[in-house]
Amino acid sequence: MSAVSDRLPTFPWDKLEPYKATAAAHPGGIVDLSVGTPVDPVPELIQKALVAAADSPGYPTVWGTPELRNALTGWVERRLVARDVTHRHVLPIVGSKELVAWLPTQLGLGPGDKVAYPRLAYPTYEVGARLARADYVAYDDPTELDPTDLKLLWLNSPSNPTGKVLSAAELTRIVAWAREHGILVFSDECYIELGWEAEPVSVLHPDVCGGSYEGIVSVHSLSKRSNLAGYRAAFLAGDPAVLGELLEIRKHGGMMTSAPTQAAVVAALGDDSHVREQRERYAARRAALRDALVDHGFRIEHSEASLYLWATRDESCWSTVAHLAELGILVAPGDFYGEAGETFVRVALTASDERVAAAVERLTS
C-alpha cells in the first residue's frame, strides 16, 4: 500500500491546520473561506426527489436510468448549446474529483505517457497522473507543449483557483491543435454556471468543436450549482467512443451513482430557478468580499467566474494566510495550486451571509 501512497504529494490541506486553529481562536469565531464547500441548503425539490427514491433496494446501473440520461442530454443541449446529444454522449460519475483522480488509470496511461494541466490548477490533475505512474507537465498555453507522448490534456475554464475564463476563440484554437496531434481533451467545466464578468463557454459549443465531439469530453458537477457536494453527483458529456470505453471499465469497477442520487440529479437539472437563486447569493457575497479585500490592500486578479477570488498583497501566500488567520479568516494559500501561486491566496465565496459579513467587518475595521 505504501508503494501507492508514496507516489502522492503531501495532502495540502493538512498544512493549513495550524492557521485554522489560530482563526478558530478569534473571539468572533472562524470565517472559513478556504475549502469552498457549499453551506446553503439543498433545494427542497431536490431533497423531495431524493426521499421519494429512498426505497431503492436494487443495484443502480453505472450508465444511470433512462430518466437520468434524458436529464443529462437535455441540460447539455439547453445550457451548453450542444447539438445532437444522445444517451451515448453522456455518463454519470461519482463526483468529479473521483473522475479526475482516476481518469489516467482508466484510460490505460502509464510510464512514458504525459498528462498536461494548467500552470495554476486543481492539484488532483497531478494526483491522477501520479496514480497512473504517468508523466505530467504544467502549461501556460497548451499549444506550446511538445505533443510527443502527450495523451491527455486537461482544460479548466472557469479556472480553479483563479476564476479565469477561456474565450471561445482560445478554446477553438486549443481543440484544433489537440485534434491535429491526436491528443484527448478533457475540459473541467464545473463552474460554468458561475460567470460574473465573463460568460464561460463549453468545449461542446458548436463554435468551438465544429459540431463534432471527437476527442473532447466536458466534466460537469452539481456540487456548486445545486449545493450537492454531499451527494457526489457529476457527469461527463462528449465523445461517445471515449465514454463508451469508460462505461465498460466503470461497470467492472462498480463505479455507480446511487439510485436516490440519480433521482435527485434529474430534479436538479430540470429546474433552473434554484440555480438563479444560488447565483444571486454568491454574487452578493462576492461583491462584499471583493470590496473589503481591496479596501484592505489586496489586488484581485482574474476572478471573472467561479466561486473564488484570486487575491494578493505581493507577499508570500503563507504570510497572507497568517495575517488573515489573526483576523479569524481562513483562506487557501496559492501555492496549493502550483508554484505560480506563491504570492496569492484563494478566497472562497462559500460561507453564510452572516460569516461573510463578519469577514467584511474584520477586513474594513
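Just above, that's the structure.
Residues numbered from 1 in each chain as written. Predicted model: local features only at pLDDT ≥ 70, side-chain atom pairs only at ≥ 80, totals over all residues. Heavy atoms only, no water.

Trainee: I tried to follow the sheet that holds strand 12 (residues 332–333) on my own but got confused; where do I start?
Mentor: In a beta sheet, neighbouring strands pair by backbone hydrogen bonds and run either parallel or antiparallel. Strand order in the open sheet made by the 4 strands is 9-10-13-12, with antiparallel pairing throughout. If you trace the sheet from one side to the other, it starts and ends with strand 9 (299–301) and strand 12, each paired once. Where strand 12 lies against strand 13 (residues 344–348), 2 bridges are found, and the strand directions are antiparallel. Paired with A332 across the two strands is R346, which belongs to strand 13. Across the face of the sheet, helix 11 (residues 273–295) comes into contact with strand 9, strand 10 (308–312) and strand 13 while running at roughly 5 degrees to strand 10. (Pairing = 2+ DSSP bridges. Helix = DSSP H or I, 4+ residues; strand = E, 2+ residues; numbered from the N terminus. Contact = heavy atoms within 4.5 Å. Axes fitted to C-alpha atoms, helices over the stretch in contact; angles between N-to-C directions.)

Trainee: Can you walk me through the environment of L327 in this structure?
Mentor: With respect to the element layout, L327 can be found in the loop between helix 12 (317–326) and strand 11 (329–330). Taking the C-alpha atoms as reference points, L327 and P27, separated by 300 residues in sequence, lie 9.5 Å from one another. Ignoring sequence-local partners within four residues, the contact set of L327 consists of H26, H296, R362 and L363.

Trainee: I would appreciate a short explanation of the layout of surface pockets in the present structure.
Mentor: Where empty space is left can be seen by rolling a probe of water-molecule size over the atoms. When its volume is computed, the largest pocket comes out at roughly 1300 Å³. Elements with a minimum of two residues in the lining of the largest pocket: helix 5 (96–106), strand 3 (114–118), helix 6 (124–131) and strand 4 (135–139). Taken together, 20 residues form the lining of the second largest pocket, with P118, Y139, D140, K164 and L166 sitting closest to its centre. Going through the elements one at a time, strand 5 (150–156) and helix 7 (168–180) are the ones with two or more residues in the lining of the second largest pocket. Among the elements that line the lining of the second largest pocket, the one with the most residues is helix 7, at 3 residues. Here the residues of the lining of the second largest pocket sort into 9 nonpolar, 5 polar and 6 charged. (1 Å grid on protein atoms, 1.4 Å probe; cavity = no way out; pocket = protein on both sides within 12 Å on 5 of 7 lines; lining within 4 Å. Points joined across faces, edges and corners; volume = space filled by probe spheres on them. Nonpolar A, V, L, I, M, F, W, Y, C, P; charged D, E, K, R; others polar.)

Trainee: Which parts of the structure should I look at to understand the sheet that holds strand 7 (residues 216–221)?
Mentor: Strand order in the open sheet formed by 7 strands is 2-8-7-6-5-3-4, with mixed pairing between adjacent strands. Each edge of the open sheet is held by one strand with a lone partner, namely strand 2 (90–93) and strand 4. Ignoring which end each strand starts from, the neighbouring axes of this sheet average 20 degrees apart. Alignment of strand 7 against strand 8 (residues 234–238), held across 5 bridges, turns out to be antiparallel.

Trainee: Is there a simple way to think about the packing of aromatic side chains in this case?
Mentor: Each aromatic ring pair is described using two quantities: the centre-to-centre distance and the angle formed by the ring planes. Applying the stated rule across the entire model yields 12 aromatic pairs. Judged by centre distance (5.6 Å) and plane angle (70 degrees), the ring pair of Y191 and Y308 falls under edge-to-face. Of this pair, Y191 sits in the loop between strand 6 (184–188) and helix 8 (206–209) while Y308 sits in strand 10, and the two are 117 residues apart along the sequence. Here Y191 and Y308 have matching classes, each one buried. Relative to F336, the ring of W318 has its centre 5.9 Å away and its plane inclined at 65 degrees; by these criteria the two rings are edge-to-face. Taken together, the residues W318 in helix 12 and F336 in the loop between strand 12 and strand 13 connect sequence positions 18 residues apart. (Phe/Tyr/Trp six-rings, centres within 6.5 Å; stacked < 30°, edge-to-face > 60°. Buried < 20%, exposed > 50% of the residue type's maximum accessible area, 1.4 Å probe, protein only.)

Trainee: Honestly, the side chain of Q278 in this entry has me stumped. Any pointers?
Mentor: Its location among the elements puts Q278 in helix 11. Taking relative accessible area as the criterion, Q278 reaches 3% and is therefore assigned buried. A polar side-chain atom of Q278 sits 2.9 Å from a polar atom in the side chain of N227. If we ignore the near neighbours within four places in the chain, the residues touching Q278 are D40, K224, R225, N227 and R285. (Polar contact = N/O pair within 3.5 Å; in protein donor to acceptor, adjacent residues only side chain to side chain.)

Trainee: Could you clarify how one ought to interpret empty space enclosed by the protein in this entry?
Mentor: Taken as a whole and judged by the stated rule, the model has 4 cavities of 30 Å³ or more. In this structure, the largest cavity occupies an estimated 80 Å³ of space. For the lining of the largest cavity, the per-class residue count stands at 8 nonpolar, 2 polar and 3 charged. Estimates place the volume of the second largest cavity at around 40 Å³. Lining the second largest cavity are L68, P92, A233, A234, T257, T261, Q262 and V265. Sort the elements by how many residues they give to the lining of the second largest cavity and helix 10 (residues 259–269) lands first, with 3 residues. Partitioning the lining of the second largest cavity into residue classes produces 5 nonpolar, 3 polar and no charged.

Trainee: Looking at this structure, how should I read helix 7?
Mentor: An α-helical segment advances 3.6 residues per turn. Residues three or four places apart therefore align on the same side. Along its 13 residues, helix 7 runs 18 Å from first to last C-alpha, staying within 8% of the 18 Å computed at 1.5 Å per residue. Taken together, the buried positions of helix 7 are L171, I174, V175, W177 and A178. Looking straight down helix 7, one finds that the buried residues subtend no more than 165 degrees of arc, so they occupy a single side. Exposed positions of helix 7 whose direction lies more than 90 degrees from the buried face are A169 and E180. Where helix 7 is buried, its residues contact strand 5, strand 6, helix 8 and strand 7. (Expected span 1.5 Å × (residues − 1). Arc of directions from axis to C-beta.)

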